[in-house]
Amino acid sequence: MIFWTKTSKKRKSKPKPTSIVSADRQKLLQRNHTLLGGVVVGIDGHLIEIQARAVQFLGKPATYIKATKIIGMSPGAARETLARIHGAFARLGIHTSPVEILINLAPANIPKQGNWLDLPIALIMLQASGYLPKMDAAQLQKSIFVGELGLHGDVRSVPGVLSIAYAATSGQQIVVPRDNERECQFVQQHNGRINVFGTETLKSVVEFFQGKRYLDGSPSIVSGLNRMSNRMSQLFTWIQRAVSPCRDSNDTPLENMVAPVIDFGMIRGQDQAKRAALICAAGGHHMLMAGPPGEGKSLIAGALPGILPPLTNQERVELTRLHSACGLLANASQTVTRRPMRAVHCTASRNALVGGGRNIPTPGEITRAHLGVLFLDEFPEFARDAIEGLRQPMESGRITIARAEKSLDFPARFTLVAAMNPCPCGHHGTARCTCRSAEVTRYQRRISGPILDRIDLQVSLTALTNAERFSPGTPGQTAQMQCLVTAARTMQSQRFRGESVAFNAAIPGGRVWDFCNFSVAGLAHFQYTVNTNRISSRTMDRLAKVSRTIADLEASERIEPHHITEAASFVIGGIFSVV
Ligand SMILES: [Zn+2]
């Protein structure tokens, strides 16, 4: 036990010199301290072991900033962490340390940036300086502390806590900022043996270490036992019994951070584009729409997530983890239960679109659109290198980003919906068009061939007629379309059982004939269509895959001639004359 002695009241305004009984000085230097924290790299959580010890007594107590050295973290990040901790300590009336403290963060090969480690580093500094009692090592190994400290001693939320909680092993408990507590309920639903505790202030965690209170803020019923040598290990056990983890997790429904989409029935006209959207959703095909401005391209893209199949539980967890790691959960009660739609402006850079980061890769919009829709309006206006960056993820559903410190792999299985005007003025094919034909060609050629090769569906939208413009909406269309999509996807999951193919659009080039089963008449019509239009093998594969999806929408095992005719209208007779 360490005794802190008061000095004369007259010297109150100056920092209080602290003397420690000499026998305890040696004990303090001999102690090993270890705490667990967590960080997020990319979108994955990693546990970090924080080791600390008091190296030597200082001639004169110094501020914790001066007295502490952190190894295993970049100097800039360490400086900022210590500055925040210094402020939070000042709020608690803790100003100086009598000892020099050395802190090591392991493993060394994981980059440690960000503010996730403020809380555990602050706690271990107080342990090393003798302000907090030594705790039972075995119990501490079970606890993970995560949180950023504010200058007023508050524990602030950090992104990606759910990912860190997933890195915890069964039987561990995680102490997180109160604002991150709710998102962690997914971990409890899927691994009930991890306990989650929310905290609002450093003071409450310090008092918890001192045995004065539980983490939920209620006074400890064992305060009288505080001087027992094993009090902390007992306290942990009591806490597990006394505090119901992640309180009221089931009382109020969690909000959905993805806004509801509009109903297809409220979009007037554009039946051909709506049909393309249905095929797009049913087979996971990418889609390009061309049409005059203001005629519904954005509305159709916005409505598309509503007809994609409902998320499975596993997908909900995956998306909530991902959005948490990207810092997209705006408040404590948000999760992701709908498919996301990310609309990206044409001025977006390649790094913003596919992912980037300076030293450590960070996810881009394609990862935020994972399992949902990526909408790129004004498609020809995007930078060429940004669009070319889509080639790998459009095929594989993943993106690999290499940076100086790390190379990371992010999920990016999105449905691309691109939209463009047919010409620079947007009115190509009508009397209003003012573009020369060379300008139109140049504009359309801005989209590279390899990208067009990966977009299965092309559809032209036309200006609405007056009758269409004033026609009544028919709500409920989205629900009907989603039923068709779900049925078509069920057929596909049976077809691809045991294969690594997610849907028709993802059938690998060489295996199209394994999965696209034509009727006799269907095969003859397919061959006729291919020969008459003189299309390339790649386009032929796309035609077969889209025909397969249209047949799935009719629950037809075999591809019939009329499926091929319709598919050809999107694959061959689209915006560009594809060969
Ligand atoms: Zn024009």
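Since we're looking at a predicted model, the values are computed, not measured.

Peer 1: For the environment of His563, give the residues involved together with the corresponding values.
Peer 2: Position of His563 among the secondary structure elements: in helix H24 (residues 561-571). His563 gets classed as buried once you count the C-beta atoms within 10 Å, which come to 25. Distance from His563 to Ala551, taken between C-alpha atoms, is 6.0 Å for residues 12 residues apart in sequence. In this view, His563 contacts Ser547, Ile550 and Ala551; residues no more than four positions away in its chain are not counted.

Peer 1: Break down the confidence of the model for the protein for me, citing the residues and quoting the values.
Peer 2: Counting all residues, the mean pLDDT for the protein is 82, and 85% of those residues have values of 70 or more. When the criterion is pLDDT under 50, residues 1-18 qualifies, and its contacts beyond four places in sequence or with other chains add up to 16 contacts. Across residues 220-253 the pLDDT falls below 50, and counting only partners more than four positions away or on other chains, this stretch makes 44 contacts in the model.

Peer 1: So what's going on with the packing of helix H4 (residues 118-128) against helix H8 (residues 202-209)? Residues and values would help.
Peer 2: Two numbers describe how H4 lies on H8: the axes approach to 11 Å, and their chain directions differ by 45°. Judged by the angle between their axes, H4 and H8 are oblique. The chirality of how H4 crosses H8 is right-handed. Listed contacts from H8 to Leu119, Ala122, Leu123 and Leu126 of H4 are Leu202, Val205, Val206 and Phe209. Among the residues forming the contact of H4 with H8, the class breakdown is 8 nonpolar, no polar and no charged.

Peer 1: Give a detailed account of the nonpolar core, specifying residues and quantitative values.
Peer 2: Membership of the largest hydrophobic core comes to 135 residues, with the highest contact counts inside it found for Ala122, Met125, Val146, Ala165, Ile174, Met287 and Leu304. Those residues within four positions of Ala165 in sequence are excluded, and the remaining contacts are Ile174, Cys184, Val187, Ile194 and Val196.

Peer 1: Which residues make up the packing of helix H3 (residues 75-91) against H4, and what values do they have?
Peer 2: Where H3 contacts H4, the axes come no closer than 10 Å and their chain directions differ by 65°. Considering the relative orientation of H3 and H4, their crossing is right-handed. On the side of H3, the interface is formed by Thr81, Arg84, Ile85 and Ala88, while H4 contributes Asp118, Ile121, Ala122 and Met125.

Peer 1: Mind laying out H3, listing which residues take part and the relevant values?
Peer 2: Helix length check: H3 (17 residues) gives 25 Å between terminal C-alpha atoms against 24 Å at 1.5 Å per residue, within 8%. Considering only its buried residues, H3 is in contact with strand E2 (44-63), helix H2 (64-67), strand E3 (68-71), H4, strand E6 (148-149) and H8.

Cut-offs applied
- Residues numbered from 1 in each chain as written.
- Predicted model: local features only at pLDDT ≥ 70, side-chain atom pairs only at ≥ 80, totals over all residues.
- Helix = DSSP H or I, 4+ residues; strand = E, 2+ residues; numbered from the N terminus.
- Buried ≥ 20, exposed ≤ 12 C-beta atoms within 10 Å, placed from the backbone.
- Contact = placed C-beta atoms within 7 Å.
- pLDDT = per-residue confidence, 0-100.
- Axes fitted to C-alpha atoms, helices over the stretch in contact; angles between N-to-C directions.
- Parallel < 35°, antiparallel > 145°, perpendicular 65-115°, else oblique.
- Left-handed = near helix turned anticlockwise from the far one by under 90°.
- Nonpolar A, V, L, I, M, F, W, Y, C, P; charged D, E, K, R; others polar.
- Core = buried A, V, L, I, M, F, W, Y, C linked by C-beta atoms within 7 Å.
- Expected span 1.5 Å × (residues − 1).

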